[in-house]
Amino acid sequence: MPAQTGTLAEGQRAERAARSHLERSGLRTLCRNFRGRFGEIDLIMQDGPVIAFVEVRYRSSAGKLDPAETIDRRKCERIVKTAMQYMQTLKNPDQHHYRFDVITLTGSADAPSIDWIRDAFQA
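Counting restarts for each chain, with residues numbered from 1 along the sequence as it is written. Under the rules for a predicted model, residues below a pLDDT of 70 receive no local features and side-chain atom pairs below 80 are neither given nor counted, while totals for whole chains, interfaces and linings still include all residues. With hydrogens and water stripped out, all remaining heavy atoms of the structure feed into the side-chain values.

K.L.:
It is not clear to me how the packing of aromatic side chains should be interpreted in this structure. Could you clarify?
P.N.:
What describes a pair of aromatic rings is the distance from one ring centre to the other and the angle between the planes of the rings. Stacked, tilted and edge-to-face are the three classes assigned to paired rings of Phe, Tyr and Trp, where Trp is represented by its six-membered ring and a pair needs centres within 6.5 Å; plane angles under 30 degrees give stacked, over 60 edge-to-face, the rest tilted. Inspection of every chain in the model, using the stated rule, returns six aromatic pairs. With a centroid separation of 5.3 Å and 85° between ring planes, the pair formed by Phe34 and Tyr86 is classed as edge-to-face. Here Tyr86 lies in helix α2 (residues 73–87) and Phe34 lies in strand β1 (residues 28–35), a separation of 52 residues in the sequence. Residue exposure (1.4 Å probe, protein chains only): buried if accessible area is under 20% of the type maximum, exposed if over 50%, otherwise partly exposed. On the basis of relative accessible area, Phe34 is assigned to the buried category, the value being 15%. Tyr86 sits in the buried class, given a relative accessible area of 9%. For the ring pair Tyr98 and Phe100, a centre distance of 5.8 Å and an interplane angle of 80° mean the geometry is edge-to-face. Overall, the relative accessible area of 1% leaves Phe100 in the buried class. In DSSP terms, a helix is any run of H or I states spanning at least four residues, a strand is any run of E spanning at least two, and both are numbered starting from the N terminus.

K.L.:
Would you take a moment to explain the nonpolar core for this structure?
P.N.:
In this structure, Ile41, Ile44, Phe53, Tyr86, Phe100 and Phe121 are the most contacted members of the largest nonpolar core, which totals 16 residues. Those elements that provide at least two residues to this core are β1, β2 (40–47), β3 (50–59), α2 and β4 (97–106). Among the elements that take part in this core, α2 stands out by supplying six residues, more than any other. In this view, Phe121 contacts Cys76, Ile79, Val80, Phe100 and Val102; residues no more than four positions away in its chain are not counted. By convention a nonpolar core is built from buried Ala, Val, Leu, Ile, Met, Phe, Trp, Tyr and Cys residues, the set being connected through side-chain atoms within 4.5 Å. Membership of the second largest hydrophobic core comes to 14 residues, among which are Ala17, Leu43, Val56 and Tyr58. Any pair of residues with heavy atoms lying within 4.5 Å of one another is described as a contacting pair.

K.L.:
Please explain α2 as it appears in this structure.
P.N.:
Since the α-helix turns once every 3.6 residues, residues separated by three or four places project in the same direction. Expected helix span is given by 1.5 Å per residue-to-residue step, counting one fewer step than there are residues. For α2, with 15 residues, the first-to-last C-alpha span of 21 Å sits near the 21 Å given by 1.5 Å per residue. Three or more residues of α2 are buried, namely Lys75, Cys76, Ile79, Val80, Thr82, Ala83, Tyr86 and Met87. For α2, the elements touching its buried residues are β1, β2, β3, β4 and β5 (113–121).

K.L.:
I would appreciate a short explanation of the pairing of β2 in the present structure.
P.N.:
Side chains on a regular strand alternate between the two faces of the sheet. Across the eight residues that make up β2, a large majority, six, are buried. Relative to β2, β1 runs antiparallel, the two being bridged by six bridges. In the strand pairing of β2, Thr29 is matched with Met45. Any two strands with at least two DSSP-identified bridges between them are counted as paired. When β2 meets β3, the two strands line up antiparallel, connected through five bridges. When the bridges of β3 are listed, Asp47 appears paired with Val50. Between β2 and β3, which pair antiparallel and follow one another directly, the connecting turn spans two residues, one of which, Gly48, has a positive phi of 65°.

Here it is in structure tokens:
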């Protein structure tokens, strides 16, 4: 269990780093770890008139596989379905623009290298 606890703590630090990076870039946090029937969305951010649904991926070392490559078609589908559930909680959900972003972090969880992929995939 200790390794799992360490992994969870690293993931939480990475998520905080991603959120801070986005906020420094002018986005506003709407929700963290939104859970729906189909899964979870790590961060939901307001970027001007656009709602950004953000998947955060962290790897302590870049290795052969880029963290963004770990997001497969099924994961994208779950994120989209969960995002649609979130949109239904809003007043006039059809009037909102949205996109799906990915933030990848590599290296130390305390000082990672961050890559922000806007509009990483489509609904």
